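Residue-level listing of the chains:
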Amino acid sequence: MARGKAGSTRAAPASAATATAADVETVAAAFPDAGAETLGMLQSSGALLDGHFLLSSGLHSPRYVQCAKLLELPVRAQRVGERLAALLRPLGVESIVSPALGGLIIGHEVASALGVPFRFTERKDSKMELRRGFALGYGERVAVVEDVVTTGKSTLEAAAVASGHGAEVVAVGAILDRSGGGHPFTVPFVSLLSLDVPTWAAVVCPLCAAGGKPEKPGSRA
């Protein structure tokens, strides 16, 4: 049993207690076109950018995905949120937490599709915190939702904040997985699309070696 925010006790849903990564894979198999659909929306919205970019992870890349462009139309944001929510639903998620700024829109859309509360973490003096009166219940089953995962740094920071407030982080979700299979998560990680785009540390970046200077298009720019 887990104790909720108002002091009442609650048990995790029976389906959540037995849900596994295999359950998530089963749901994903029901949406075989999700990746192609997401890629099509990214392309049509002008969210795929080519150039020389400094990612929020600190890595350099020749391609940047500006998910804000994808999500600027509410109808697209709702569609993407519903698809991602479907992948998370088998895990019995009770609330969504997203790191500001990139995770705000998609996190809210996923929470809306699941019918659960949404909260976000934000930085204060470079430290990720839960502010604005947000609270999480002890044992509350939380999914951390992002727009893009590359190294997973901000996702892990948000997860640590949720855990520090007594919640149980049971999943991570993202529109786009740019980790190349190297994500650091120990809980199920679901995404609508994986893109294998090269990234480099600044000291070995071939675009820098050619004299280029990276743009900073992300939310920390």
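This report concerns the structure included in the present document. These numbers were taken from a predicted model, which means no experiment stands behind them.

### Topic: the environment of V204
Here's step 1: Locating V204 in the fold gives a position in the loop between strand 10 (189-194) and helix 8 (206-209).
Here's step 2: V204 sits 144 residues away from H60 along the chain, and the two C-alpha atoms are 9.3 Å apart.

### Details of the pairing of strand 9 (residues 168-177)
Here's step 1: In terms of burial, strand 9 is largely enclosed, as nine of its 10 residues are buried.
Here's step 2: Here eight bridges tie strand 8 (residues 141-149) to strand 9, and the two strands are oriented parallel to one another. By the bridge assignment for strand 9, E146 is matched with A174.
Here's step 3: The parallel pair strand 8 and strand 9, bridged by helix 7 (residues 153-164), forms a crossover whose chirality is right-handed.

### Some words on helix 5 (residues 74-88)
Here's step 1: Given a rise of 1.5 Å per residue, 15 residues ought to cover 21 Å, and the 21 Å separating the end C-alpha atoms of helix 5 matches this to within 8%.
Here's step 2: Of the residues making up helix 5, those classed as buried are R76, A77, V80, G81, R83, L84, A85, A86, L87 and L88.

### Overview of the environment of K124
Here's step 1: Within the secondary structure, K124 sits in strand 6 (residues 118-124).
Here's step 2: Taking the relative accessible area as the measure of exposure, K124 reaches 40% and is therefore partly exposed.
Here's step 3: If near-sequence neighbours (up to four positions away) are discounted, K124 is found in contact with E129 and R131.

### Focus on the nonpolar core
Here's step 1: Residues L70, L84, L88, V93, I96, I106 and V110 are the most contacted members of the largest nonpolar core, which totals 37 residues.
Here's step 2: Every element with two or more residues in this core is listed here: helix 3 (34-44), helix 4 (67-71), helix 5, helix 6 (104-114), strand 6, strand 8, strand 9 and strand 10.
Here's step 3: The leading source of residues in this core is helix 5, at six residues.
Here's step 4: Apart from residues no more than four positions distant in its own chain, V93 is found in contact with L88, L114, V116, R141, V142, A143 and V170.
Here's step 5: Listed in part, the 12 residues of the second largest apolar core include M128, L130, L136 and V144.

### Regarding the pattern of salt bridges
Here's step 1: In total, this model carries eight salt bridges according to the counting rule given.
Here's step 2: Between R132 and E122 there is a salt bridge, with the nearest N and O atoms lying 2.7 Å from each other. Placement of R132 in the loop between strand 7 (127-130) and strand 8 and of E122 in strand 6 is noted, with a sequence separation of 10 residues between them.
Here's step 3: The buried category is assigned to E122, whose relative accessible area is 12%.

What counts, and at which threshold
- All residue numbers refer to positions counted from 1 along the written sequence of the respective chain.
- The model is predicted, so local features are restricted to residues of pLDDT at least 70 and side-chain atom pairs to those at 80 or more, both for listing and for counting; the totals for chains, interfaces and linings are taken over all residues.
- Excluding hydrogens and water, the side-chain values take into account all heavy atoms of the structure.
- For helices the rule is a DSSP run of H or I covering at least 4 residues; for strands it is a run of E covering at least 2, with both sets numbered from the N terminus onward.
- Categorising residues by exposure relies on relative accessible area from a 1.4 Å probe, with only protein chains included: less than 20% of the type maximum marks a residue as buried, more than 50% marks it as exposed, and the intermediate range marks it as partly exposed.
- A pair of strands is labelled paired if DSSP reports no fewer than 2 bridges between them.
- With the strands pointing away from the viewer, any crossover whose connection runs clockwise from the first strand over the helix to the second is right-handed.
- Expected span of a helix: the number of residues minus one, times 1.5 Å.
- It only takes one pair of heavy atoms within 4.5 Å for two residues to be counted as in contact.
- The nonpolar core is taken to be a set of buried Ala, Val, Leu, Ile, Met, Phe, Trp, Tyr and Cys residues, with the residues joined through side-chain atoms within 4.5 Å.
- We define a salt bridge as a contact between a side-chain nitrogen of Lys or Arg and a carboxyl oxygen of Asp or Glu at a distance within 4 Å.

Keep in mind these numbers describe shape, not what the thing actually does.
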